[in-house]
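One-letter residues, chain by chain:
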Amino acid sequence: MAEVTVSELAKSVGASVERLLKQMAEAGLKHTDENALVSDEEKKTLLAYLKTQHGESTETPKKITLKRKTTTTLKTGSGASRKTVNVEVRKKRTFVKRDAEEVVEEAPQAEVEQPQEAPEQPAPEPVKVEEAPKAEPSVDDILANAEKKRIAALEARRQKEEEERQQAEQKQQSAEKPVEDPVQQRAAAEAEALKAQQEEEKGKHGKKKEKPVDAIDEVDEIEEQRKKAAKPAKKLGNKKTSKSDLLHELDEMEELERDDEPAKPAKRKSAPRKAIKLSNKHGFKRPTGKIVHEVEIPETITVADLAQRMSVKAGEVVKNLMKMGTMATMNQSLDQETAQLVVEEMGHSAKLLSGNEVEESLEQAIAHEGDMEARAPVVTVMGHVDHGKTSLLDYIRNTKVVSGEAGGITQHIGAYRVQTEKGEIAFLDTPGHAAFTSMRARGAQCTDVVILVVAADDGVMPQTEEAVQHARAAGVPIVVAVNKIDKEAADPERVKNELSAKEVIPEEWGGDTQFIHVSAHTGEGIDELLEAVSLQAEMLELEAPVGVPGRGVVIESRMDKGRGVVATVLVQAGELKGGNIMLAGQSYGRVRAMTNELGKKVKEAGPSTPVEILGLDSPPEAGEEFVVVADERKAREVANFRAEKEREARQQRQQAAKLENMFAGMGAGEKKILPVVLKTDVRGSLEAIQSALMDIGNDEVQVNVIVSGVGGITENDVNLALTSNAIVLGFNVRADASARKLAERESIEIRYYSIIYQLLDEVKGALAGMLEPERIEEIVGIADVREVFRSPKFGQVAGCMVVEGTVYRNKPIRVLRDNVVIFEGELESLRRFKDDVAEVRSGTECGIGVKDYDVKVGDQIEVFDVKEVAREL
């Protein structure tokens, strides 16, 4: 190769001139200019240096190792039990390059696997092929070395077995003792015979193994191997042998060597094993005694579930039910009493579970005890929509709520807190009373004080009366705010007079209700109103525990398109924190976010704090109580249980609220009340119907008008009827769409009338149905006893003559002796001649068997019937 410059060399190798000059300097070459010439020797010097830098050896490799892996398939068995096994064979051979640059196979190391019986015997040293300057080992030499190794291994194994046999004999001889007893001598002789037999078998096996050592056989095998190796030997001497040819030759050589290897000890035949007899019995052992289970029985349980809890088949339970006279299938539900009888009949113990066990376990899991601290009062503002309620709320909010934003406060969640001199007050904005009625319907006492707003120039309106009824039903004190006091037509005394007629008596008149004159327009009396509320709260001594999981009530809820379920809740006790698992009625979920009335995110909410939360799975009902539980599994279990209970309760209410079945479930011996919600078109009709309803009734039954008013039937009326288990009566009025939907869902009956007498007659009929029926006895037949017979089959039989009426087989009887009743019971049999009959008419003879009593000649048997007659008012 001609000499080139440094720049040309750098261009050909793809490197920069500066880097190439630096590498040449490190290699010991004295080139400093890019125009300097580089010879072939200098190139080799540079290449050798770079190879050493990259971890490569400059020496020519003298050894090459070839590896090969083959996979074959072995099929075993036949028919359905035929299996295919993959067999993988890995081969490795090493070739060494001699000084004469000839590729010669290095003799493989004969790794002879030692027998397991002789671990101490060292294996023969591996045979290594010495390097010859120019000579090449022949196939004869390789075969001779392999034979030597094989013979040496066999000899070593034979010597080891002989030594072990001698050691065993010596141990047995040393262990033997003189036997004087003939029985022991016989046993020793049998042991010796057994030992000799084992030695003989062992010798036979040994000879069989050593058969390849015979000289004649060895010569024949070697000659055959030489013939087979002739072709590979020629290929081996060829210098141009390819790698695939070498691998093929190695395979054949390995097969030859495998034929010469001694048999491994693991494959040696051993004495035939005794056949192991396997019994065809299963491993289950029948219990020695009957296992008695403690079966937990809820209020209702299916036959299949009951059988599973007793660890028996459902057919056994069905069989026992049939014996008890109950026909049931495995999917049929049983009540708790029937299930208990079945369990005890089958020899197990029953444990009755309460229907509210899930709720009780939830109550026990929730911590109620904590440090009691004073809390702010919760105030609900109610009143007629035109009496300034909204204006009053806006004035309180704009003047009393602290805010750093300009332009006032935006009301986000319908609840807010006001800071006064007496402390904080929490206000709930519940327009239209819907939320408040729902809370009362579910027994949620979330309000401490009610502010009743009444316009001074308008007086008491129907919705004002309704607000008073709601507050009294919830047992909440009332503070009356007489609004619009700044108007010229204001008449506060009129408001006091009208409310006094509704039993709301002012303090000035000796009552317990505070009347505050306010003006939402000028702000007059607002401070006095807040002070009156604070004073009322101080009298109530409101406290709440802290340091416990939060609980409270849901004020309202809705489904937001972007955020999901949004619920406004009021915390009544404990603390509600972000991340808590909350359970509210049939809804549950993890609290993902909380915001206060200002729209700011908060991490924790204490008692009397309204917050808006995200994270529930469905919108809860307004008025539902919420609690914080430990885990989501418990919350899901309680929510599903409540949903099932509500479904069952709704089905049970299908008939409970109907007018015809109103007397069902009433206790005996107490005055029964028929609750009624009455709505009419005009005031005159309302007063007339109310007075007429009060006149209906007696000491046993009476009508109680829960609420009455003028106007259409609203959703509030249906809610009140639902909580009071009342019926709704409408006179010349109708229910709106929401009220009809709620009544249909809750199975509340609404009746419409246009004639007052029709209304009164149906209410009177309902009261009559609530009365206890009158029982009247009627004698239907009399028979004289003429003769008494004794029968071994039927016992005592009275021969009688029916003298009056008809004697019936299934009616109760009395036995009279001298016109005095001496026995009351029933007939056991009634026969005419030899036939059983159901009745015998007057003037006919018959045979009568009286159950559990012996009659005499001359007695009279009186048959009577009891009828229940409905009473009327």
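Residues numbered from 1 in each chain as written. Predicted model: local features only at pLDDT ≥ 70, side-chain atom pairs only at ≥ 80, totals over all residues. Heavy atoms only, no water.

What follows deals with the overall build of the chain. Along the chain, the regular secondary structure elements total 22 helices and 37 strands. A burial count over the chain gives 37% of its 873 residues as buried. Contacts spanning at least 24 positions in sequence make up 69% of the contacts within the chain whose residues lie at least 6 apart. Of the roughly 52400 Å² of accessible surface on the chain, a fraction of 48% belongs to carbon and sulfur atoms. (Helix = DSSP H or I, 4+ residues; strand = E, 2+ residues; numbered from the N terminus. Buried < 20%, exposed > 50% of the residue type's maximum accessible area, 1.4 Å probe, protein only. Contact = heavy atoms within 4.5 Å. Areas by Shrake-Rupley, 256 points an atom, 1.4 Å probe, with all protein chains shown as cover.)

Here we come to the packing of aromatic side chains. Summed over the entire model, instances satisfying the criterion amount to 1 aromatic pair. Taking 4.7 Å as the distance between ring centres and 10° as the angle between the ring planes, the aromatic pair formed by F823 and Y853 counts as stacked. Separated by 30 residues along the polypeptide, F823 in strand β33 (residues 820–832) and Y853 in the loop between β36 (845–850) and β37 (860–869) bring together distant segments of the chain. Note that K811 overlies the ring of Y808, its terminal NZ or CZ placed 5.3 Å from the centroid. Above the face of the F864 ring, R814 is positioned so that its terminal group lies 3.9 Å from the ring centre. (Phe/Tyr/Trp six-rings, centres within 6.5 Å; stacked < 30°, edge-to-face > 60°. Lys NZ or Arg CZ within 6 Å of the ring centre and 35° of its normal.)

Turning our attention to the side chain of T5. One can find T5 in strand β1 (residues 4–5). Here T5 falls in the buried class, since its relative accessible area comes to 15%. Within the structure, the side chain of T5 is placed 3.2 Å from the side chain of S7, a separation counted as a polar contact. (Polar contact = N/O pair within 3.5 Å; in protein donor to acceptor, adjacent residues only side chain to side chain.)

For helix α21 (residues 737–746), the set of buried residues is A739, L742, A743 and E746. End-on, the buried residues of α21 take up no more than an arc of 100°, which puts them together on one face. Facing away from the buried side of α21 by over 90 degrees, the exposed positions are A737, K741 and E744. (Arc of directions from axis to C-beta.)

Moving on to the pairing of strand β19 (residues 564–573). Taken across its 10 residues, β19 has 8 buried, putting it largely inside the fold. Where strand β18 (residues 551–560) and β19 come together, 9 bridges link them in antiparallel fashion. By the bridge assignment, E556 is partnered in β19 with T568. Between the end of β18 and the start of β19, which pair antiparallel, lie 3 residues. (Pairing = 2+ DSSP bridges.)

With that out of the way, let us pick up the sheet that holds strand β15 (residues 478–483). Spatially, 6 strands are ordered β12-β13-β11-β14-β15-β16 in an open sheet, and the strand pairing comes out mixed. Single-partner strands in this sheet number two, and they are β12 (415–420) and β16 (514–517). Strand-to-strand twist in this sheet, taken as the mean axis angle between neighbours without regard to direction, amounts to 30°. In this structure, β12 lies alongside strand β13 (residues 423–428), joined through 6 bridges in antiparallel fashion. Residue pairing for β13: T420 is matched across the bridge by G423. With respect to the sheet, helix α15 (residues 462–474) is in contact with β11 (378–383), β14 (449–455) and β15, its orientation differing from that of β14 by roughly 165°. Contacts from helix α17 (residues 526–540) reach β11, β12, β13, β14, β15 and β16, with the element oriented near 160° to β16. (Axes fitted to C-alpha atoms, helices over the stretch in contact; angles between N-to-C directions.)

Now for the sheet that holds strand β25 (residues 625–629). The strand order β18-β19-β24-β22-β21-β25 describes a closed barrel built from 6 strands, whose pairing is antiparallel. Adjacent strand axes in the sheet meet at a mean angle of 45°, parallel and antiparallel pairs treated alike. As paired elements, strand β21 (residues 581–584) and strand β22 (residues 587–595) share 4 bridges and run antiparallel to each other. By the bridge assignment, I581 is partnered in β22 with R590.

Our next topic: the pattern of salt bridges. Under the criterion given, the structure shown has 30 salt bridges. In this structure, E777 engages R814 in a salt bridge whose closest nitrogen and oxygen atoms are separated by 2.7 Å. Remark: R814 occurs in strand β32 (residues 812–817) and E777 occurs in strand β30 (residues 774–791); sequence separation between them is 37 residues. On the basis of relative accessible area, R814 is assigned to the buried category, the value being 11%. Here R831 ties to D836 by a salt bridge, and the two come within 2.9 Å at their closest N and O atoms. In this structure R831 comes out as partly exposed when scored by relative accessible area, which is 23%. When its relative accessible area of 58% is taken as the criterion, D836 is described as exposed. Members of the salt-bridge network, linked through shared partners, are E777, R814, E824 and E862. (Salt bridge = Lys/Arg side-chain N within 4 Å of Asp/Glu carboxyl O.)

On to a negative patch on the surface, then. Residues E421, D486, E524, E528 and E531 make up a contiguous surface patch of negative charge. Mapped onto the elements, E524 comes out in the loop between β16 and α17. Look at E524 and you get partly exposed, because its relative accessible area is 44%. (Patch = residues over 30% accessible without salt bridge, like charges linked within 9 Å, V, L, I, M, F, W, Y side chains within 5 Å. Lys, Arg positive; Asp, Glu negative; His and termini not counted. Charge placed at Lys NZ, Arg CZ, Asp CG, Glu CD.)

Where helix α9 (residues 303–310) contacts helix α10 (residues 314–323), the two axes come as close as 8 Å, and the packing angle between them is 115°. Relative to α10, α9 is oriented roughly perpendicular. Pair α9 / α10 crosses with right-handed handedness. Across the interface between the two elements, V303, L306, A307 and M310 of α9 pack against A314, V317, V318 and L321 of α10. Looking at side-chain class alone, the contact of α9 with α10 contains 8 nonpolar, no polar and no charged residues. (Parallel < 35°, antiparallel > 145°, perpendicular 65-115°, else oblique. Left-handed = near helix turned anticlockwise from the far one by under 90°. Nonpolar A, V, L, I, M, F, W, Y, C, P; charged D, E, K, R; others polar.)

Contact geometry of helix α20 (residues 715–724) with α21 gives a least axis separation of 8 Å together with a crossing angle of 20°. Taken together, the axis directions place α20 and α21 in an arrangement best described as roughly parallel. Each of E715, V718, N719 and L722 in α20 lies in contact with α21, whose residues at this interface are S738, A739, L742, A743 and E746. Of the residues contributing to the contact of α20 with α21, the split by class is 5 nonpolar, 2 polar and 2 charged.

On to the environment of E644, then. Its place among the elements puts E644 in helix α18 (residues 632–656). C-alpha separation for the pair E644 and Q586, spaced 58 residues apart in sequence, amounts to 9.7 Å.

Let us look at unusual backbone geometry. Positive phi values are uncommon outside glycine, yet E541 reaches one of about 50°. Here E541 lies in the loop between α17 and β17 (543–546). Even without being glycine, S608 reaches a positive phi, approximately 60°. When you line up the elements, S608 lands in the loop between β23 (604–605) and β24 (609–616). Among the residues examined, S608 registers a relative accessible area of 2% and is labelled buried.

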